[in-house]
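If you want the building blocks of each chain, they are given just below.
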Amino acid sequence: MNNLKKAASSFLEGYYYPVFIALTVLIGHLFSCEFFALSIIFLTVLSGFLLCDTLKFLISPFFMALFTVSQKSVEEGKFYSSSFKIAIIICSVVFLGFAVAHFIIYRRKVVISEFLKSKLFYGYILMSASFLLNGFFFFEGYTAGNITYALALVATLCLSFAFFAVNLDFTEDVRKYFIYVLYISSLLIVIEFFALFAGQIRFRDGEIVKESVLIGWGLCNNVGAMMAILLPVHFYLAAYKKRGYIFYATGVLSYIAIVLSLSRASLLVATFLIGICAVAVCFIGPNKKQNRIITASLAFVAIVGIILLWGKISKVFGDYLRRGFDDNGRFEIWRYGLNEFVHHPIFGAGFYSEYPLNPRPAPFLPYRYHNTVIQLLATCGIFGFLSYAFHRFQTVKLFLSKKSGLSLFLALCLSGLLLTSLLDNHMFNLYPCVYYSLILLIFEKTEANSPSE
């Protein structure tokens, strides 16, 4: 029995488990059998709580489970049925029960002080308070959604940080494992996107129809943003891993997928990130010489290719050229958000204060202002903005204290989310917050001057 337990825990905490999760998610997504795939993942998670003494096993399910959702199932309304909502409630209760059992069984591994002594602790506490107090004085517009969404935001952004902080050994192996899971997650999204591109995306007169870029768990902007956030991971591995050219190639493939997503904000940020990454890998890590040759060659091929094939390229990407720098109604939305702040300056108008300019994308998500700062001002007032500003000050201060290659590329991942969120709503879509918090946690635990590989 002990040998069986050891073998099971070794698998759950090993490098094959993330691949197993990714394949299960991919099958569930491609064949719209999400409930089957998620059930398998859920059972392995429950097993992990009982068999593993740390939460290392939980990283890959946390990062990849959402990507099971397919467009076909969304259109059929599977995730809005009463039975699904009841199942979610039951599974949440069971999950919490097993999590509590894990902390009781392995209580010697639980170190509460790891969160309490975090350099980001007070920022997280203030942000949590500001979220929970959203729209506090605007009682006539206050709804139950204000508090339920705030609780969900606190859970994904703050509690996920604390959850892993108190029960994860931040060894060099865990840091390498974390990057590995991020890489597998990125590949999963890219594969799903190209599968979508091959089977669902439509063309009109040779041009990609943007409205057809729907992947189930997100629109084109969501898909593009997630790929942009994870783009630097490829180049970190290209800089430090043996056969780094493979990771450079997958990074370029990921960038091509971002271009094809027709998400302008994601393309803008991804171009900025890949530019920094392409330069960084020429001067960081053991693969510098190899990466200089690859970077120079790709730059030459890209320039010549654009010149020679511009006619075809401009036709396929007509949506980009037509829209250009058009604000797509954002300026009007921002003005409305600032007006909400003027009328409700202390705690804002609340996450669910209605406005006619931009409808809610889903019943459980709040109204959107397409900019993190304006979203905070409009919904959480000056308290929310100052809390976020203090948290951002802490993260910048933390960044300046780190000097390893890993910390640089993790900072670029965080920048991907923060920058795309200045033109969209990703910080308030809940799921990206899980990535944000766990990347930030590993970033904090990365030793300032330690070798990255």
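Quick caveat, the model's predicted, so the values are computed rather than measured.

**Considerations on the overall build of the protein chain**
Each helix and strand counted, the protein chain has 19 helices and two strands in total. Taking 22 Å as the expected radius of gyration for a compact globule of 453 residues, we find that the protein chain reaches 22 Å, a close match to that expectation. By principal-axis analysis of the C-alpha atoms, the protein chain measures approximately 65 × 60 × 45 Å. By the burial criterion, 54% of the 453 residues in the protein chain qualify as buried. For the protein chain, restricting intrachain contacts to residue pairs at least 6 apart in sequence, the fraction spanning at least 24 positions comes to 79%. Working note: accessible area of the protein chain is about 20,600 Å², and carbon and sulfur atoms make up 71% of it. Separation between the mean location of the 36 positive side-chain charges and that of the 24 negative ones in the protein chain comes to 9 Å.

**Section: the packing of aromatic side chains**
The description of an aromatic ring pair rests on the distance of the ring centres and on the angle between the ring planes. Scanning the model with the defined rule gives 37 aromatic pairs in all. Aromatic side chains Phe193 and Phe194 sit 5.7 Å apart centroid to centroid with 75° between the ring planes, which places their arrangement in the edge-to-face category. Pairwise contacts between aromatic rings join Phe63, Phe67, Phe178, Trp217, Tyr431 and Tyr435 into one cluster. A cation sits over an aromatic face here: Lys56 above Tyr177, 4.6 Å from the ring centre. Looking at Arg292, its charged tip hangs above the ring of Phe283, at a distance of 5.3 Å from the centre.

**Here we look at the environment of Ser404**
As for its placement among the helices and strands, Ser404 is situated in the loop between helix 17 (372-400) and helix 18 (405-420). By relative accessible area, which is 6% here, Ser404 ends up buried. Linking Ser404 and Thr446, residues 42 residues apart in sequence, is a C-alpha distance of 7.9 Å.

**Considerations on the nonpolar core**
Phe63, Met64, Phe67, Phe131, Leu182 and Phe193 are the most contacted members of the largest nonpolar core, which has 123 residues in total. The leading source of residues in this core is helix 11 (residues 220-240), at 15 residues. Apart from residues no more than four positions distant in its own chain, Phe193 is found in contact with Ile201, Val213, Ile215, Val223, Met227, Ala257, Leu260 and Ser261. Counting residues in hydrophobic clusters, the runner-up holds five residues, among them Ile333, Trp334, Ile374 and Ala378.

**Re the environment of Phe139**
In this structure, Phe139 sits in the loop between helix 8 (121-132) and helix 9 (144-165). For the pair formed by Phe139 and Ala349, sequence separation is 210 residues and the distance between their alpha carbons is 9.0 Å.

**Considering the confidence of the model for the protein chain**
Here the protein chain shows a mean pLDDT of 89. Residues at 70 or above account for 92%. The secondary structure element of the protein chain with the lowest average pLDDT is helix 15 (residues 318-323), at 60, and the one with the highest is helix 2 (residues 16-30), at 97.

**Comments concerning a nonpolar patch on the surface**
Residues Phe300, Val301, Ile303, Val304, Ile307 and Leu308 make up a contiguous nonpolar surface patch of roughly 640 Å² in combined accessible area. Tracing the chain through its elements places Phe300 in helix 14 (residues 288-316). A relative accessible area of 58% places Phe300 in the exposed class.

**Things to note about the pattern of salt bridges**
All told, the structure shown has nine salt bridges when counted by the stated rule. A salt bridge links Asp173 to Lys56; the shortest N-O distance between them is 3.0 Å. On the criterion of sequence distance, the pair formed by Asp173 in helix 10 (residues 172-199) and Lys56 in the loop between helix 3 (34-51) and helix 4 (59-64) is long-range, its members being 117 residues apart. Overall, the relative accessible area of 37% leaves Asp173 in the partly exposed class.

**Quick word on unusual backbone geometry**
At Ser32, a residue that is not glycine, the phi angle is positive and equals roughly 55°. With respect to the helices and strands, the residue Ser32 is situated in the loop between helix 2 and helix 3. Overall, the relative accessible area of 12% leaves Ser32 in the buried class. One non-glycine residue, His370, adopts positive backbone phi at about 55°.

**A few points about helix 19 (residues 431-445)**
For helix 19, with 15 residues, the first-to-last C-alpha span of 22 Å sits near the 21 Å given by 1.5 Å per residue. Counted residue by residue, helix 19 has 15 buried out of 15 residues, so it is predominantly covered.

**A closer look at empty space enclosed by the protein**
Where empty space is left can be seen by rolling a probe of water-molecule size over the atoms. Counted under the stated rule, the structure contains one cavity of 30 Å³ or more. The computed volume of the largest cavity comes to approximately 50 Å³. Contributing to the lining of the largest cavity are Met127, Phe131, Leu153, Leu157, Thr372, Leu376, Tyr388, Met427 and Phe428. The leading source of residues in the lining of the largest cavity is helix 17, at three residues. Each residue belonging to the lining of the largest cavity can be placed in one class, and the counts come to eight nonpolar, one polar and no charged.

**Digging into the packing of helix 8 against helix 17**
Their axes nearest at 8 Å, the elements helix 8 and helix 17 cross at an angle of 175°. Taken together, the axes of helix 8 and helix 17 lie roughly antiparallel to each other. Of the residues in helix 17, those in contact with Tyr122, Gly123, Tyr124, Leu126, Met127, Ala129, Ser130 and Phe131 of helix 8 are Leu376, Cys380, Phe383, Gly384, Ser387, Tyr388, Phe390, His391 and Gln394. Class assignment of the residues belonging to the contact of helix 8 with helix 17 gives a composition of eleven nonpolar, six polar and no charged.

**Regarding the packing of helix 1 (residues 2-12) against helix 3**
Pairs of packed helices are described in terms of their axes, by the angle between the two and the distance that separates them. Look at helix 1 against helix 3: their axes get within 10 Å of each other, and the N-to-C directions meet at 120°. When the interaxial angle is binned, helix 1 and helix 3 end up oblique. The hand of the helix 1/helix 3 crossing is left-handed. Packed against helix 1, whose contacting residues are Lys5, Ala8, Ser9 and Leu12, the element helix 3 presents Thr44, Ser47, Gly48 and Leu51 at the interface. Looking at the contact of helix 1 with helix 3 residue by residue, the class counts come to three nonpolar, four polar and one charged.

The rules behind the values
Residues numbered from 1 in each chain as written. Predicted model: local features only at pLDDT ≥ 70, side-chain atom pairs only at ≥ 80, totals over all residues. Heavy atoms only, no water. Helix = DSSP H or I, 4+ residues; strand = E, 2+ residues; numbered from the N terminus. Rg over C-alpha atoms; globule rule 2.2 N^0.38 Å. Buried < 20%, exposed > 50% of the residue type's maximum accessible area, 1.4 Å probe, protein only. Contact = heavy atoms within 4.5 Å. Areas by Shrake-Rupley, 256 points an atom, 1.4 Å probe, with all protein chains shown as cover. Lys, Arg positive; Asp, Glu negative; His and termini not counted. Charge placed at Lys NZ, Arg CZ, Asp CG, Glu CD. Phe/Tyr/Trp six-rings, centres within 6.5 Å; stacked < 30°, edge-to-face > 60°. Lys NZ or Arg CZ within 6 Å of the ring centre and 35° of its normal. Core = buried A, V, L, I, M, F, W, Y, C linked by side-chain atoms within 4.5 Å. pLDDT = per-residue confidence, 0-100. Patch = residues over 30% accessible without salt bridge, like charges linked within 9 Å, V, L, I, M, F, W, Y side chains within 5 Å. Salt bridge = Lys/Arg side-chain N within 4 Å of Asp/Glu carboxyl O. Expected span 1.5 Å × (residues − 1). 1 Å grid on protein atoms, 1.4 Å probe; cavity = no way out; pocket = protein on both sides within 12 Å on 5 of 7 lines; lining within 4 Å. Points joined across faces, edges and corners; volume = space filled by probe spheres on them. Nonpolar A, V, L, I, M, F, W, Y, C, P; charged D, E, K, R; others polar. Axes fitted to C-alpha atoms, helices over the stretch in contact; angles between N-to-C directions. Parallel < 35°, antiparallel > 145°, perpendicular 65-115°, else oblique. Left-handed = near helix turned anticlockwise from the far one by under 90°.

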